[in-house]
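Here is what each chain is made of, one letter per residue.
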Amino acid sequence: MSKANIPQVGFVSLGCPKATVDSEHILTRLRAEGYGIVGSYQDADLVVVNTCGFIDAAVEESLDAIGEALAENGKVIVTGCLGAKRDIVSQTHSRVLAVTGPHATEEVMAAVHAHLPKLHDPYTDLVPPQGIRLTPKHYAYLKISEGCNHRCTFCIIPSMRGDLVSRPVHEVMHEAESLVRAGVKELLVISQDTSAYGVDVKYRTGFWNGKPLKARMMELVTALSEFGVWVRLHYVYPYPHVDEVIPLMAAGKILPYLDVPFQHASPKILKAMKRPAAAENNLKRIQSWRETCPDLTIRSTFIAGFPGETEDDFQRLLDFLAEAQLDRVGCFTYSAVAGATANALPDPVPEEVKEERKARLMALQESISAARLARKVGQTLTVLVDELTDGGALARSSADAPEIDGIVSVQGKRGLTAGEFLTVKITGSDAHDLRAKPLRSL
């Protein structure tokens, strides 16, 4: 990459030695990412002003420096102590691109990335801007947190991955933007507990594109919806605040799809599992969700044969499924994973009983799924084409997450392209999948 093509950043550093260290950290990151640092406004593509706001004189000096940078260059990012007094900066200089507080290297870099992206050079950059991915080019998983605060007795995730640690919201948004720019058409939001995003940082407010953005599921998915791609939510616990995202689905902002791991329906077994919410509350919530968004697809997973599960407990689970009419269901027999506290519970269920119960559950769900899919015959749907076949293409609708749900088998070769959206008419169905013919591409 020639020097002329390297994005250049001007830097103004004011204040005490602590602010100087902050400036050094930001400059180090800029240089490490390939940005050039220049000493004049005229040579800079963008200017960062690290401010001081301790006393009135320092505030005035900082505001003057911001004004000078705006007048001489026009593209200015403000950070530092005065940035903590956002209103003062915004009221005095409304044209600044972004405002962050002190000790905010990540937020500053996110703002720089948003307003002055580093050019990707295939000859010197070993990693593409969207990173190395194992999924097809048109969809990607977006992990928003690590670990989990729950202590479900059948699970050892917290002992392996620790408690919930949410990624900074600007970091998630920057990754999402890079993926979309690289051609991704579907973002699959994942974590151990997606609906708990931001709990560990008390829903801390970050910045994205110069605007405040709270680290909370509702605010995050609202921001993700602005990229204009499919946004699919996985591993969502049925907390009350999940209700807030359903209107977004009804409005077409994000996919009308929720992956909610209910695990069981018997109050006794849910208590033994240490799972949140009771089956009755879940049924009411599902009903409310579907009243708001009739097209909502709900997928879930359940465990058959948990220690202490009686035939009555299992029947409660079957009754729950019959009433809930979930669209997609997976079932696992209880497995005594080393380290899980449920292993010490009394009354283990024999293996043959576990398998028999799993088979009964899946037989019931197959009939439910077949009936729900049959209702879609004759409908016109938007699908995302995953791959081409000899006779047409394999695609997915909003109701189908890759590799775990069903497919839409599209007949006919004309105008089909992998990784593109397509409008189809549903012509047939079975217990898991749909058949369709293409109408037009989008």
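What you are looking at is a predicted structure, and each value in this text was computed from that prediction instead of being measured. Here the residue numbers are simple positions, counted from 1 along each chain's written sequence. Residues qualify for local features only when their pLDDT is at least 70, as the model is predicted, and side-chain atom pairs are given and counted only at 80 or more; totals for whole chains, interfaces and linings, by contrast, use all residues. Excluding hydrogens and water, the side-chain values take into account all heavy atoms of the structure.

K.L.:
Looking at this structure, how should I read the sheet that holds strand β2 (residues 36-38)?
P.N.:
One key point about sheets: their strands pair by backbone hydrogen bonds, in either a parallel or an antiparallel sense. Should DSSP find at least two bridges between two strands, the strands are taken to pair. Strands are runs of DSSP state E lasting at least two residues, helices are runs of H or I lasting at least four, and both sets are numbered from the N terminus onward. Strand order in this open sheet of 5 strands is β2-β1-β3-β4-β5, and the pairing throughout is parallel. Two strands in the sheet have a free side with no partner beyond their single neighbour: β2 and β5 (98-99). Where strand β3 (residues 46-51) lies against strand β4 (residues 76-80), 5 bridges are found, and the strand directions are parallel. Along β4, the bridge assignment pairs N50 with T79. Here, two residues are considered to be in contact whenever any of their heavy atoms come within 4.5 Å of each other. Only the contacting stretch of a helix is used when fitting its axis, a line to C-alpha atoms as for every element, and angles between N-to-C directions run 0 to 180 degrees. Its contacts with the sheet place helix α2 (residues 56-72) against β3 and β4, and it is angled at close to 180° to β3. Packing against the sheet, helix α4 (residues 105-115) makes contact with β3, β4 and β5, and its axis sits at approximately 160° to β3.

K.L.:
Got a minute to help me understand unusual backbone geometry in this structure?
P.N.:
You will see that Y235, though not glycine, has its phi angle at about 55°, which is positive. Along the chain, Y235 turns up in the loop between β12 (230-233) and α8 (246-250). The cut-offs for exposure are 20% and 50% of the maximum accessible area for each residue type, with area from a 1.4 Å probe on protein chains only; residues under the lower value are buried, those over the upper are exposed, and the others partly exposed. With a relative accessible area of 38%, Y235 lands in the partly exposed category. One non-glycine residue, Q325, adopts positive backbone phi at about 50°. Take Q325: it is sitting in the loop between α11 (311-324) and β15 (328-333).

K.L.:
Whenever I open this one, α11 confuses me. Can you help?
P.N.:
Turn by turn, an α-helix covers 3.6 residues, leaving residues three or four places apart pointing in a common direction. Between its first and last C-alpha, α11 extends 20 Å over 14 residues, near the 20 Å set by a 1.5 Å rise per residue. Along α11, the residues classified as buried are D313, F314, L317, L318, F320, L321 and A324. The arc enclosing the buried residues of α11, seen along the axis, measures out at 155°, which places them on a common side. Remark: Q325 follows α11 within two positions and exhibits a positive phi of approximately 50°. The span expected for a helix works out to 1.5 Å for each residue beyond the first. Taking the helix axis as origin, the arc is that swept by the directions to the C-beta atoms.

K.L.:
I would appreciate a short explanation of the pairing of β15 in the present structure.
P.N.:
As a general feature of sheets, a regular strand has side chains that alternate between the two faces. Counted residue by residue, β15 has 5 buried out of 6 residues, so it is predominantly covered. Sheet topology places strand β14 (residues 297-304) next to β15; 6 bridges connect them, and they run parallel. Of the residues in β15, the one forming a bridge with A304 is T333. A clockwise course of the path from the first strand over the helix to the second, judged with the strands pointing away from the viewer, identifies a crossover as right-handed. In this region the chain leaves β14, passes through α11 and returns to the parallel neighbour β15; the handedness of that crossover is right-handed.

K.L.:
Looking at this structure, I do not really get the packing of α4 against helix α6 (residues 169-181). What am I missing?
P.N.:
Between two packed helices, both the angle of their axes relative to each other and the distance between the axes serve to describe the pair. α6 packs onto α4 with a crossing angle of 25° between their chain directions and a minimal axis gap of 9 Å. Comparing their axes, α6 and α4 come out roughly parallel. Crossing hand, α4 versus α6: left-handed. Residues E106, E107, A110 and H113 of α4 form the contact with α6, whose participating residues are H170, E171 and H174. Oblique is the label for every angle not falling under 35 degrees (roughly parallel), over 145 degrees (roughly antiparallel), or within 65 to 115 degrees (roughly perpendicular). Two helices cross in a left-handed way if the nearer one is turned anticlockwise from the farther one by less than a right angle. They cross in a right-handed way if the turn is clockwise.

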